[in-house]
Amino acid sequence: MAVLKVKFTKTKRDKLAQILWILNWVSVVSGIILFSLGLFLKIEIKKRNEVMAKGDVNSVPNMLISVGVIACIINFLGGKICYDCSDANKFSRWKLVMLPYIICTFSFTFCILVGALMCYTMRNELEESLYLGLRDAIKFYKDTDIPGRCFLKKTVDMLQIGFQCCGNNGFRDWFEVQWVSARYLNMASKEVLDRLKSNVDGKFLVDGVPFSCCNPSSPRPCIQHQLTNNSAHYNYDFLTEELNIWVKGCREALLEYYTAIMRSIGIAALLIWLFELSVLIGVRYLQTAMKNVLLLGDLEGESDGWLLGNSFVETAKYNINIIKNLGKANQISTVSGMNDPNIDVQKANCGNTNVTTKSIPAAS
């Protein structure tokens, strides 16, 4: 028994073909939107590429870009098919193409759904990439005269100012690395030498942060050096007073920023998937209705359209049997109930087969 069977008159078939022609062109626009969203996300990730470790963070934008391009191609073809389906004679040339087209489009819409879900599942990969990238960027912050690292100081400073953050997990990350270049250290100073000798690795570690961690909205001048030394500043308590530097880590700030973008893109992709799925259902109804009207032979009469020719269970069993018999060699599939055509075939009696043949003369 057919699933969700609907009866179509010629007028309904023509209107369905015209509506689907318009919707396929709208779907082309939705493909452009998907492509644009993927490109936007790729550019946003590339902007902070220096503070991200290499990983699979580009998988989502690449997926959206690919799906967007494919959407434009498939829906452009779908618009042409639906436009020709308003005429039964023109439909004949698309008759064998429509079912493979519907199967390919269904697979494509599934890719859109996968892309939408990936927007919500890549948070862990993004967080790990940011953690490793920011850790290395802070570590090499001082290397302003080394090729390949000379722009990291500017990148980190602009990041901390723009996102109002400090450090990787927080401002204390700066206490664990030497972020002041050795070229700016006075090696004649006893205090500098004592700090270098007190550290096993010979690093100049201070309880201070770069200027980009300062909060310009604070009424007090920024305290960025000797943050943990209360006696070094007037009327200052490190434990009780609200610091006038950013306390949020840049990893958390960037993660919130990209999560908000991907959440919005994910919602847009889900809406586009629902729209593409509805268009696909309409195309399936049009294909079955036009196929049945050709079988009936009355191009002006009524015809039935459906989503599945049999029930879900029967369709599932049929497809499973097809898959099982795909890899079997030297075996005729019995899915359709047909017997092997080479079995029990009567041989025709062509008469006497004792025909004399001329011998090849021997060479003299």
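Going by the structure above, here's the rest.
The structure presented is a predicted model; accordingly, all values stated were derived computationally and were not measured. (Residues numbered from 1 in each chain as written. Predicted model: local features only at pLDDT ≥ 70, side-chain atom pairs only at ≥ 80, totals over all residues. Heavy atoms only, no water.)

Quick word on the pattern of salt bridges
Turning to step 1, where the next piece is worked out: Counted according to the given criterion, the structure contains 10 salt bridges.
Turning to step 2, where the next piece is worked out: Lys47 is paired through a salt bridge with Glu44; the nearest N and O atoms lie 3.0 Å apart. Note that Lys47 and Glu44 are positioned in helix H1 (residues 10–47) at a spacing of 3 residues, about one turn of the helix.
Turning to step 3, where the next piece is worked out: Arg251 is paired through a salt bridge with Glu127; the nearest N and O atoms lie 2.8 Å apart. A residue pair is termed long-range when its members are at least 10 positions apart, and Arg251 in helix H8 (residues 250–296) and Glu127 in helix H5 (residues 123–139) qualify at 124 residues.
Turning to step 4, where the next piece is worked out: By relative accessible area, which is 26% here, Glu127 ends up partly exposed.
Turning to step 5, where the next piece is worked out: Shared partners join several salt bridges into a network, and the residues in it are Glu44, Lys47 and Arg48. (Salt bridge = Lys/Arg side-chain N within 4 Å of Asp/Glu carboxyl O. Helix = DSSP H or I, 4+ residues; strand = E, 2+ residues; numbered from the N terminus. Buried < 20%, exposed > 50% of the residue type's maximum accessible area, 1.4 Å probe, protein only.)

Regarding the environment of Ile161
Turning to step 1, where the next piece is worked out: Within the secondary structure, Ile161 sits in helix H6 (residues 152–163).
Turning to step 2, where the next piece is worked out: Judged by relative accessible area, which is 43%, Ile161 ranks as partly exposed.
Turning to step 3, where the next piece is worked out: Distance in space between the C-alpha atoms of Ile161 and Phe211 is 9.2 Å, their sequence separation being 50 residues.
Turning to step 4, where the next piece is worked out: Beyond its immediate chain neighbours, meaning those up to four positions away, Ile161 contacts Phe211 and Ser212. (Contact = heavy atoms within 4.5 Å.)

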